[in-house]
Amino acid sequence: MMPAESFRQSPASDEAATMQDGAAHPPADAMLFPTVDFAVFFVVVFAIAWLIRPWHFWWRVFLVAASWFFYGFWEPKFVLLLIGSTAFNWAVGRDLAAMRTPEGLTRFGRWFLGFGIAANLLTLGWFKYYGFFVEDVAGLIERFGVDLPLPLLQVTLPVAISFFTFHAISYLVDIARGDCEPLSPLDFALYLSFFPHLVAGPIVRVTEFAPQIRAPLRERVIDAAPAFTLIVAGLFKKVVISTYLAGEIADPVFASPASHSALENLFGVYAYAVQIFADFSGYTDIAIGCALLLGIQFPQNFDSPYRAWSLQDFWRRWHMTLSRWLRDYLYIPLGGNRGPKWFVYRNLFLTMLLGGLWHGAAWTFVAWGAIHGAGLVLEREVRARNRWLRGAAAKAVGWFVTFHLVCFAWIFFRAETFGAAWEVITRIATAWGEPSPAVTPLLAAVIAGSIAAQFLPKDLFRRFEVAYSELAPAAQAAMLAVALVLIDALGPEGVAPFIYFQF
Amino acid sequence: MSGATRHSPRQRLGARPRRVFGVMVGGLLLAVLLNAPALEQGAERMPYGRERDFWLAVWKPFAAVSRAFFLDEPRNLLDRALGRSDGDLFELPAAPGGEEPGVAPPATATPARTPAPGRGTPAATPTPTPDPRPRLRTPTAADPLRVWIGGDSMVKVLGEAFLRQAAETGVIAATHDPQLSSGLTRPDFFDWPGHFNQLVQSGRYEVFIVMFGANDSQGIKTPDGKIFQPGEEGWTAEYRRRVAGVMDLLGGQDRLVLWVGQPIMRSSEFSERMAALNAIYREEAAKRPWVQFIDLWPLFTTPSGGYDAYLADDDGQVKEMRHPDGVHLVRAGGERAARAILAVLKAEAKIP
């Protein structure tokens, strides 16, 4: 529920206020993808966008306006933040381009780039990390006798700020590196705020996006079958799978591990692993599908991550656009693979640590990053020494170890405190033999089925898309309708909001 | 390879925008027709007001067409197969003395044995009088005290904290049952009387810890169909009748009811409404020996009596107690409130 001011919303949708974990506070009023509001919005935007598509300038103006409306639906005042970020980064990008020489940026240019990045990070830091800093970090410093008289404020975290900050930083760095030319203000505004990726990614590169909006219209053709497949599959994952697992076991177990048996705690962790995948990949599938319907291709963001047989493989499959962002704008500037082995390991570890902190302002997220960082370093070390680690059997063992390491790290990602994470771990280790009413055959089947589905051949989806595209429009519409009704019926009343909203 | 780019232009499954628009709108319209009664029900559960009227006006014609052509049948079949009911409105159990100060003959449902009536009609069940004051037994690890804690989303974080603390005692088995967005004003959204009736009939619980109110300052419908808004006299009378009814329903057989009041809220207007509800809970609890009112208000005020999200905890450390929404509790706040409730329960059950 969300009492007080938000009574204008349906009570069911008010779950947004509380069904969340950790440090993120999802908004109650955001226009979520799986809502009637969004369906109406999208149909109108789709129709107008394709009607005015021949007027290239107005098409872009319209998409920017629609994106700002979409963002303002949640909290109108933060549209100003989005516009401010757009204006600032556009201006910095334009000036940076003038500071490039054939040998790279001028000395002043490097400072100027640093200033641009710092301004973005400070803004993000203020909204996202102030509370964490005041409560946790200042407390630490105080132990060393330094008193920081910082006011205790509750800063509202604007939706999507992490995502548009990352887009902006990649734009500035790409210009500085000479990988792209500055965009016009209109193109840049569209790049930064295009509504399908605005709230939760994927993190699209300017070199992927700009050519698509600059190009004059060649043919009015839409990749409709893959788009509908992505949207329906995404809705199913988000509305049915994710909410079922959260409500059935993941939320109760993490709320009170001591009231659950070892088996329930173990399944709570497995369920959370599937839940966060279904939730996040479901949301980005919908985003990719919507963009595709508007004629824009986004990069893939998930590629069956739970079939990974090593941590390195996992990070090539999980939140892929973030992984490559961290690689290109953090790992490589830190020194990347160049240099002595321990230097490379340090870079790897630091990248994962900061990647962890990006996910949320809490030490538990840092621990999650540290586990992945340490795991990646260890994995490299083991593989460098043991050449026999190849072959099918090794891969099977690798899959098992990787999946469980990833699940182990999720415990810290999900738990509110270290104490709670530790309690889950000790319950799994000790509380065997207790009754486990929460672990039902259906629950086990949903978890196992969701993981097994990641091993399905890609060709299967492709064949479905081809078959769907060959159907008559009426049959396509009927299938779409049946899928939507099924999802609505199987889903709960009121969908928990997207976990990644405010990361 | 990308979800989008794997469909490269040479093999793209292209369609013209007009055709795609037709499929999209056709699909959505058909989905609405197949689903119209469910959508209409969803709108009916919204708070009384303009937005609800708007969506009802939108869905009603669709629902009528859907029913006329039996298009809603597949969805109904599906709901029945999934064991879901449509959550009809139903009356609260009659609480004859509920509105008359001093007299509170409890209209309690018969305990155990009688089969639960499902979407029940608790008013129909006969009522043994509970002892004036419940005698809680002193629980043991082998036979722990069976406690139920529930209500709206305020109970989510609070109940989680209570479960953790209760588990530490080793002699309390607590069940957590928060129903988000629910309350006593809108039984059509979540049927609390029916739910309570089932819980009571199951005979499983010895203590009920209940918290309502944060969703309740909205329009309320009386049995004769009148709608009153908060602040109106009719609203207070109807709400009081419901609170009394729930208290009576939960009493009996040495059961203890701990009714948890609302804490101060950031918005002063909302705070005032919560204080008015607290007064109703307190007064009705005072009439019933089996109900104890637990006042959270002073636990969440500053020394000067105002609201602050950050407060000094029992250990002296300043902690964030409240959610940025100015309403909900966060972990430290939940722990604090749970400690207060557990203290009362421990005293009642003589748990050391």
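Just so it is clear, the model here is predicted, and its values are computed rather than measured.

Conventions and cut-offs
- Residues numbered from 1 in each chain as written.
- Chains lettered and ligands numbered in written order.
- Predicted model: local features only at pLDDT ≥ 70, side-chain atom pairs only at ≥ 80, totals over all residues.
- Heavy atoms only, no water.
- Helix = DSSP H or I, 4+ residues; strand = E, 2+ residues; numbered from the N terminus.
- Contact = heavy atoms within 4.5 Å.
- Areas by Shrake-Rupley, 256 points an atom, 1.4 Å probe, with all protein chains shown as cover.
- Buried < 20%, exposed > 50% of the residue type's maximum accessible area, 1.4 Å probe, protein only.
- Expected span 1.5 Å × (residues − 1).
- Arc of directions from axis to C-beta.
- Pairing = 2+ DSSP bridges.
- Axes fitted to C-alpha atoms, helices over the stretch in contact; angles between N-to-C directions.
- Salt bridge = Lys/Arg side-chain N within 4 Å of Asp/Glu carboxyl O.
- Parallel < 35°, antiparallel > 145°, perpendicular 65-115°, else oblique.
- Left-handed = near helix turned anticlockwise from the far one by under 90°.
- Nonpolar A, V, L, I, M, F, W, Y, C, P; charged D, E, K, R; others polar.
- Phe/Tyr/Trp six-rings, centres within 6.5 Å; stacked < 30°, edge-to-face > 60°.
- Core = buried A, V, L, I, M, F, W, Y, C linked by side-chain atoms within 4.5 Å.
- Bend = angle between axes of the 7 residues up to and from the residue.
- Patch = residues over 30% accessible without salt bridge, like charges linked within 9 Å, V, L, I, M, F, W, Y side chains within 5 Å.
- pLDDT = per-residue confidence, 0-100.
- Right-handed = clockwise from strand over helix to strand, strands pointing away.

1. Topic: the overall build of chain B
And step 1. Each helix and strand counted, chain B has eight helices and ten strands in total.
And step 2. Across chain B, the fraction of contacts at a sequence separation of at least 24, relative to all contacts at a separation of at least 6, is 70%.
And step 3. Carbon and sulfur atoms provide 57% of the accessible area of chain B, an area that totals close to 15,000 Å².

2. Some details on the overall build of chain A
And step 1. Along its length, chain A carries 19 helices and three strands.
And step 2. For chain A, buried positions account for 59% of its 503 residues.
And step 3. For chain A, long-range pairs separated by at least 24 residues make up 75% of all intrachain contacts whose partners lie at least 6 apart in sequence.
And step 4. As displayed, chain A offers around 20,000 Å² of accessible surface, 69% of which is attributable to carbon and sulfur atoms.

3. Things to note about helix α16 (residues 418-430) of chain A
And step 1. Between its first and last C-alpha atoms α16 of chain A spans 18 Å; for 13 residues at 1.5 Å apiece the expected length is 18 Å, and the two agree.
And step 2. Three or more residues of α16 of chain A are buried, namely Ala420, Ala421, Val424, Ile425, Arg427 and Ile428 of chain A. Buried residues along α16 of chain A cover an arc of 160° about the axis, so they all sit on one side. Opposite the buried face of α16 of chain A, by more than 90 degrees, sit the exposed residues Trp422, Ala429 and Thr430 of chain A.
And step 3. Against the buried residues of α16 of chain A lie α9 (224-255), α10 (262-293) and α15 (391-414) of chain A together with α8 (331-349) of chain B.

4. Here's the deal with the sheet that holds strand β2 (residues 145-151) of chain B
All names here are of chain B.
And step 1. In space, the five strands of this open sheet follow the order β3-β2-β4-β7-β8, with parallel pairing throughout. In the strand order of this sheet, the two ends are held by β3 (172-178) and β8 (291-294), each with one partner. The average undirected angle you get between the axes of adjacent strands in this sheet is 20°.
And step 2. Of the pairings in the sheet, the one linking strand β7 (residues 256-260) to β8 comprises four bridges and is parallel in character. By the bridge assignment for β8, Leu258 is matched with Gln292.

5. Focus: the environment of Asn120 of chain A
All names here are of chain A.
And step 1. Its place among the elements puts Asn120 in helix α4 (residues 107-143).
And step 2. Look at Asn120 and you get buried, because its relative accessible area is 6%.
And step 3. In contact with Asn120, other than residues within four places in its own chain, are Ser85, Phe88, Asn89, Thr165, Ala168, Ile169 and Leu172.

6. Re the pattern of salt bridges
And step 1. Per the counting criterion, the structure on display carries 38 salt bridges over all chains.
And step 2. In this structure, Lys341 of chain A engages Glu381 of chain A in a salt bridge whose closest nitrogen and oxygen atoms are separated by 3.3 Å. Highlighted residues: Lys341 of chain A in helix α13 (residues 341-359) and Glu381 of chain A in helix α14 (residues 363-385), separated in sequence by 40 residues.
And step 3. Between Lys156 of chain B and Glu160 of chain B there is a salt bridge whose closest N-O contact spans 3.3 Å. Of the two residues, Lys156 of chain B and Glu160 of chain B both sit in helix α4 (residues 154-169), four residues apart, roughly one turn of that helix.
And step 4. The class for Lys156 of chain B is buried, based on a relative accessible area of 14%.
And step 5. Through salt bridges with shared partners, a single ionic network connects Arg240, Asp248, Glu283, Glu284, Lys287 and Arg288 of chain B.

7. Examining unusual backbone geometry
Both trends apply: most residues other than glycine have a negative phi, and most peptide bonds are in trans.
And step 1. At Ser304 of chain A, a residue that is not glycine, the phi angle is positive and equals roughly 45°.
And step 2. Assignment of secondary structure puts Ser304 of chain A in the loop between α10 and α11 (311-317).
And step 3. Phi at Lys350 of chain B is positive, roughly 50°, even though this residue is not glycine.
And step 4. Position of Lys350 of chain B among the secondary structure elements: in the segment after α8.
And step 5. Judged by relative accessible area, Lys350 of chain B falls into the exposed class, the value being 59%.

8. Some words on the packing of α14 of chain A against α15 of chain A
Residues and elements named next belong to chain A.
And step 1. Close contact between α14 and α15 brings their axes to 7 Å; oriented N to C, the two are set at 160°. The angle between α14 and α15 places the two elements in the roughly antiparallel class. When you trace α14 past α15, the crossing you get is right-handed. In this structure, α14 uses Thr364, Phe365, Ala367, Trp368, Ile371, His372 and Gly375 to contact α15, whose residues at the interface are Leu405, Val406, Phe408, Ala409, Trp410, Phe412 and Phe413.
And step 2. Class assignment for the residues of the contact of α14 with α15 results in eleven nonpolar, three polar and no charged.

9. Things to note about the packing of aromatic side chains
All names here are of chain A.
And step 1. Under the criterion given, the structure shown has 70 aromatic pairs over all chains.
And step 2. Seen from their ring centres, Phe38 and Phe70 are 6.0 Å apart, and the 75° between their planes marks the pair as edge-to-face. Of this pair, Phe38 sits in helix α1 (residues 36-51) while Phe70 is found in helix α2 (residues 56-72), placing the two residues 32 residues apart along the sequence. Across this residue pair, the class does not change: Phe38 and Phe70 are buried.

10. Here we look at the nonpolar core
And step 1. Tyr71 and Leu293 of chain A are the most contacted members of the largest nonpolar core, which has 101 residues in total.
And step 2. Here this core gets eleven residues from one element, more than from any other, and that element is helix α5 (residues 161-177) of chain A.
And step 3. Of all hydrophobic cores here, the second largest spans 68 residues; its members include Trp148, Ile149, Phe300 and Leu311 of chain B.

11. Comments concerning helix α12 (residues 320-334) of chain A
All names here are of chain A.
And step 1. The terminal C-alpha atoms of α12, which comprises 15 residues, lie 20 Å apart, in line with the 21 Å expected from a rise of 1.5 Å per residue.
And step 2. Of all the bends found along α12, the most pronounced is centred on Arg327 and spans about 35°.
And step 3. Burial of α12 is extensive: eleven of the 15 residues sit out of reach of the surface.
And step 4. Buried within α12 are the following residues: Met320, Thr321, Leu322, Ser323, Arg324, Trp325, Leu326, Asp328, Tyr329, Leu330 and Tyr331.
And step 5. Packed against the buried residues of α12 are α5, α8 (206-214), α11, α13 and α14.

12. Regarding a nonpolar patch on the surface
And step 1. Among the surface-exposed residues, Phe236, Val482, Leu486 and Leu490 of chain A together with Leu82 of chain B lie close enough to one another that they form a single nonpolar patch of about 380 Å² accessible area.
And step 2. The biggest single contributor to the nonpolar patch is helix α19 (residues 473-490) of chain A, with three residues.
And step 3. Secondary-structure assignment places Leu82 of chain B in the loop between α3 (73-81) and β2.
And step 4. Among the residues examined, Leu82 of chain B registers a relative accessible area of 38% and is labelled partly exposed.

13. Some words on the environment of Pro252 of chain A
All names here are of chain A.
And step 1. If you trace the backbone, Pro252 turns up in helix α9.
And step 2. Judged by its relative accessible area of 28%, Pro252 is partly exposed.
And step 3. Linking Pro252 and Phe418, residues 166 residues apart in sequence, is a C-alpha distance of 17 Å.
And step 4. Apart from residues lying up to four places away in sequence, Pro252 is in contact with Ala246, Gly247 and His260.

14. Topic: the confidence of the model for chain A
All names here are of chain A.
And step 1. Mean pLDDT over chain A stands at 82; residues scoring 70 or higher make up 85%.
And step 2. When mean pLDDT is taken per element in chain A, helix α6 (residues 185-193) scores highest with 94 and α4 scores lowest with 78.
And step 3. Scored below 50 in pLDDT, residues 1-29 makes 101 contacts in the model with residues more than four places away or belonging to other chains.
And step 4. Residue range residues 494-503 is modelled with pLDDT below 50. Its contacts to residues more than four positions away, or to other chains, number 59 contacts.

15. Observations concerning the pairing of β3 of chain B
Across a regular strand the side chains alternate sides, sitting on one face of the sheet and then on the other.
Residue and element names in this part refer to chain B.
And step 1. Two elements, β2 and β3, share seven bridges in a ladder whose sense is parallel. Of the residues in β3, the one forming a bridge with Gly150 is Asp177.
And step 2. The β-α-β motif built from β2, the intervening α4 and the parallel element β3 has right-handed crossover chirality.

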